[in-house]
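As a plain string of letters, each chain reads:
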Amino acid sequence: MPVIPLLDSQEIARILDRLASQVLERHAQCDQVMLVGIERRGADLARRLAALLGDRLGRAVPLGSLDINLYRDDWTSLEGKPHIGQSCIPQGVDGRVVILVDDVLFTGRTIRAALEALLDYGRPSAVELLVLVDRGHRELPIQADYVGRTVNTSRQEHVDVLLTERDGQDAVRLAAP
Ligand code: 5GP
Ligand code: MG
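In this text, all values refer to a predicted model and were calculated from it rather than measured experimentally.

Thresholds applied
- Residues numbered from 1 in each chain as written.
- Chains lettered and ligands numbered in written order.
- Predicted model: local features only at pLDDT ≥ 70, side-chain atom pairs only at ≥ 80, totals over all residues.
- Heavy atoms only, no water.
- Core = buried A, V, L, I, M, F, W, Y, C linked by side-chain atoms within 4.5 Å.
- Buried < 20%, exposed > 50% of the residue type's maximum accessible area, 1.4 Å probe, protein only.
- Helix = DSSP H or I, 4+ residues; strand = E, 2+ residues; numbered from the N terminus.
- Contact = heavy atoms within 4.5 Å.
- Pairing = 2+ DSSP bridges.
- Axes fitted to C-alpha atoms, helices over the stretch in contact; angles between N-to-C directions.
- Disulfide = S-S within 2.5 Å.
- Near = heavy atom within 4 Å.
- Polar contact = N/O pair within 3.5 Å; in protein donor to acceptor, adjacent residues only side chain to side chain.
- Areas by Shrake-Rupley, 256 points an atom, 1.4 Å probe, with all protein chains shown as cover.

A. Here's a closer look at the nonpolar core. Counting residues in each nonpolar core, the largest one holds 31 residues, and the members touching the most others are Leu35, Leu49, Leu53, Ile99, Val101, Leu130 and Val172. Considering each element in turn, this core owes the most residues, seven residues, to helix 1 (residues 9-26). Discounting residues that sit within four places of it in the chain, Val172 has contacts with Pro5, Leu6, Leu7, Ile12, Leu132, Val133, Val159, Asp160 and Val161. Formed by 19 residues, the second largest nonpolar core is a distinct cluster that contains Ile68, Ile89, Ile111 and Ala114.

In structure tokens form, the structure reads like this:
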């Protein structure tokens, strides 16, 4: 399987820095901002962003996670059914700007399910979406507010996202079938 490097660790670090700046451009003091990462690698990225924002603001930014599993017979099928797993939303979401964080945005079905799960916790004033990679092929009208890198992919390709916390290194690669 041919693998094409897309991002190295320095590029990922720069992108996360830029994404943190973009969040601060929209929400200067991040007063009402809560980051909610989609398990697993979205949650890792949310932790890193919370640390970057926390450093710049001099205080902790609220952080949570949602576990959304899509069971699909076929990654490209329309039949994927979301299963909501364990979630951790330690503080109320009422009136907050919740920024959902995920590693890869593809069809949009995970985010749709995440929105449904999140709204069970209350009524945020707004929900935004931040992703490291947008690989296209949306099946729902869902777009990210903050995008690390847009990558043109075929449906059969896969974007490998490696993060030090889990994989021992930071890298993003395109894996062709
Ligand atoms: P969607 O629900 O938008 O089809 O897919 C997004 C979810 O599936 C994300 O949580 C993401 O982790 C995972 N995903 C979809 N496509 C890819 C991909 O090419 N690479 C990786 N690493 N994850 C993907
Ligand atoms: Mg995922």
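B. How the structure looks around the side chain of Thr110. Mapped onto the fold, Thr110 is located in helix 3 (residues 109-119). A relative accessible area of 19% means that Thr110 is categorised as buried. Apart from the residues within four sequence positions on either side, Thr110 is in contact with Ile38, Ile68, Leu70 and Asp102.

C. Main features of the sheet that holds strand 3 (residues 63-66). Pairing is parallel in the open sheet, where five strands are placed in the order 3-2-6-7-8. Two strands close off the open sheet at either side, each with one partner strand: strand 3 and strand 8 (146-150). Averaged over neighbouring strand pairs, the angle between their axes works out to 25 degrees when direction is ignored. Contacts from helix 1 reach strand 6 (97-105), strand 7 (126-134) and strand 8, with the element oriented near 150 degrees to strand 8. Its contacts with the sheet put helix 2 (residues 41-57) on strand 2 (33-38), strand 3, strand 6 and strand 7, and the angle it makes with strand 2 is roughly 155 degrees.

D. Broad picture of the state of the cysteines. A complete count under the given rule lists zero disulfides for this structure. With no disulfide partner, Cys88 has as its closest neighbouring cysteine sulfur the one in Cys30, 19 Å distant.

E. Examining the site of ligand 1 more closely. Around ligand 1, the structure places 14 residues, and the nearest of them are Asp102, Asp103, Thr107, Thr110 and Val159. Between an oxygen atom of ligand 1 and a main-chain N or O atom of Phe106, the distance comes to 3.0 Å. Measuring from an oxygen atom of ligand 1, one finds a backbone N or O atom of Gly108 at 2.7 Å. Protein coverage of the free-state accessible area of ligand 1, which is 490 Å², stands at 89%. Listed by contribution, the elements that provide at least two residues to the shell around ligand 1 are strand 6, helix 3 and strand 9 (158-162).

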